[in-house]
Amino acid sequence: MSQNPVPCITSRALSRRSLFRAGAATAVALGAGGLLTGTAAADDGIPVSPYIDITKPSSDLFRSKMLHESHHVMQGFAFDNVNRRLFVVQAQNGTSGDDLCVNQLNFSGEVLGSMHVAHAGHGVSIGVEPVGTASYIWMECDADGTTSDARGTALARFKFVNGGTPSMKKFLTGSQTITCATDPVYRRLAVRRSEGGRMWYSVYPLASAAAGDFSTPLVHFPQPALSTSSVVFQGYTILGSSLYTLDGSGHADAADIDSYVTRIDMNTGTVQDRDITRAGSTLVYREPEGLAVYRTADGETRLFLGFGSRSSMDNTNRYANLFYKNALVG
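Since we're looking at a predicted model, the values are computed, not measured.

Engineer: Would you mind going over unusual backbone geometry with me for this structure?
Structural biologist: Among all residues except glycine, the phi angle is most often negative; among peptide bonds, the trans geometry is most common. Unlike most non-glycine residues, aspartate 142 shows phi in positive territory, near 50°. Tracing the chain through its elements places aspartate 142 in the loop between strand S8 (134-141) and strand S9 (154-159). The class for aspartate 142 is partly exposed, based on a relative accessible area of 26%. Located in the positive-phi region is threonine 177, a residue other than glycine, with phi close to 50°. Relative to the elements of secondary structure, threonine 177 occurs in the loop between strand S10 (169-171) and strand S11 (179-183).

Put into structure tokens, the structure is as follows:
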């Protein structure tokens, strides 16, 4: 489902010091009730790490799998890298659009369980935190409306329990258009939110975020402008020092491909690579939906791309499709 267009923000290189100044200025502008009041970016940023080459072809994990809610497309997804689980969020059938369903899938795309989260938002991106044998979901909550256009105003953290009602801890309440993503390899949490009319990213150690400490982001930077004139934002994730974003829209014509993956250096806030993706190009009404990182038991690091689809244009059912890139550089 289409997201808000990416705002036009200068793409000139930002030093770590200028990123800090920008974050501090934003905090001042937001005032006492703002998201980042009293925060500061860590001066040394994030250590440079290997990254996924997004220009390489993609491989299939699965195609055309129906989720618990048959009439709604997949949105964000994330992996529990310790317990080897996959979670996908989508809107609930028969609701106004802001009630979400979290699906647990196996790696063949079969639904193993589900959990409903009322009045949550849109589900553009989610995260997962393994705690022993449990999986804790990170996602938006307390939506600012009751339709599919609603967006979360806080982050929720709760244990996934099949068929259960989430017992939430809430963070960063009073936000605008807030979502998150987790890095399962380096155990970090990325937060994307609107600040002063722009979308900004902040990254925290996952353990600090779980403890409620959002005082010192490792990096804090504005979302850079991209090279196309009309960009529909569809998801993001992080791996080490790189941020990956997905944008594009759905088309009935399989030949009309406009889905792009972008890699951004989080220490400078600049675009390093941007490439069109043809993963799942033959899907009916193929629409990009979400990104996530996973490291296999054999140690292979993968960047996953999600796409929604239909069996035909007049079919009300919606299907989930996952593809991945695994060419690691560095």
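After presenting the structure, the write-up continues.
Engineer: Could you clarify how one ought to interpret the pairing of strand S20 (residues 301-310) in this entry?
Structural biologist: Every other side chain in a regular strand lies on the same face of the sheet, so the side chains alternate between the two faces. A large share of S20 lies buried, amounting to 10 of its 10 residues. Side chains Thr301, Leu303, Leu305, Phe307 and Ser309 project from S20 onto one buried face, and the interleaved Arg302, Phe304, Gly306, Gly308 and Arg310 project onto a second face that is buried too. Sheet topology places strand S19 (residues 284-295) next to S20; eight bridges connect them, and they run antiparallel. In the sheet register, proline 288 faces S20, and the bridge partner there is phenylalanine 307. Once S19 ends, the chain turns through five residues before running back antiparallel as S20, passing glycine 299 with a positive phi of about 90°.

Engineer: Help me understand the environment of threonine 268 in this model?
Structural biologist: Relative to the helices and strands, threonine 268 is located in the loop between strand S17 (260-265) and strand S18 (270-276). A relative accessible area of 22% means that threonine 268 is categorised as partly exposed. Residues threonine 268 and phenylalanine 221, 47 residues apart in the sequence, show an inter-C-alpha distance of 8.1 Å. Side chain to side chain, threonine 268 and threonine 270 meet in a polar contact 2.6 Å long.

Engineer: What exactly am I supposed to notice about the sheet that holds strand S16 (residues 242-247) here?
Structural biologist: Paired through their backbone hydrogen bonds, the strands of a sheet run either parallel or antiparallel. Spatial strand order, S15-S16-S17-S18: four strands in an open sheet with antiparallel pairing. Edge positions in the sheet fall to strand S15 (233-239) and S18, since each has one partner strand and no second. Each strand axis lies, on average, 20° off the axis of its neighbour in the sheet, ignoring direction. Bridging between S15 and S16 involves six bridges; their strand directions are antiparallel. When the bridges of S16 are listed, phenylalanine 233 appears paired with aspartate 247.

Engineer: Can you walk me through the nonpolar core in this structure?
Structural biologist: One broad trend across soluble globular proteins is that nonpolar side chains are buried collectively. Counting residues in each nonpolar core, the largest one holds 28 residues, and the members touching the most others are Trp138, Leu189, Val203, Phe214, Tyr236, Leu243 and Met266. Secondary-structure elements contributing two or more residues to this core are S11, strand S12 (188-195), strand S13 (198-205), helix H2 (206-210), strand S14 (219-222) and S15. Listed in part, the 18 residues of the second largest apolar core include Ala78, Val102, Ala120 and Ala156.

Engineer: Honestly, the sheet that holds S10 in this entry has me stumped. Any pointers?
Structural biologist: The four strands are arranged S7-S8-S9-S10 in an open sheet whose pairing can be described as antiparallel. Among the strands making up the open sheet, the edge pair consists of strand S7 (127-131) and S10. Averaged over all pairs of adjacent strands, the angle between their axes in this sheet comes to 25°, without regard to strand direction. Judged from the six bridges that link them, S8 and S9 form a sheet pairing that is antiparallel. The residue bridging cysteine 141 from the neighbouring strand is alanine 154, located in S9.

Engineer: I keep staring at the pattern of salt bridges and nothing clicks. Help me out?
Structural biologist: When the charged atoms of two side chains lie near each other, side chains of opposite charge can form a pair. In the structure shown here, the tally under the stated rule is seven salt bridges. Lysine 170 is paired through a salt bridge with aspartate 142; the nearest N and O atoms lie 2.9 Å apart. Taken together, the positions of lysine 170 in strand S10 and aspartate 142 in the loop between S8 and S9 put the pair 28 residues apart, joining distant regions of the chain. Between glutamate 300 and arginine 302 there is a salt bridge, with the nearest N and O atoms lying 2.4 Å from each other.

Parameters and conventions
- Residues numbered from 1 in each chain as written.
- Predicted model: local features only at pLDDT ≥ 70, side-chain atom pairs only at ≥ 80, totals over all residues.
- Heavy atoms only, no water.
- Helix = DSSP H or I, 4+ residues; strand = E, 2+ residues; numbered from the N terminus.
- Buried < 20%, exposed > 50% of the residue type's maximum accessible area, 1.4 Å probe, protein only.
- Pairing = 2+ DSSP bridges.
- Polar contact = N/O pair within 3.5 Å; in protein donor to acceptor, adjacent residues only side chain to side chain.
- Axes fitted to C-alpha atoms, helices over the stretch in contact; angles between N-to-C directions.
- Core = buried A, V, L, I, M, F, W, Y, C linked by side-chain atoms within 4.5 Å.
- Salt bridge = Lys/Arg side-chain N within 4 Å of Asp/Glu carboxyl O.

Functional significance is not addressed by these values, which are geometric in nature.
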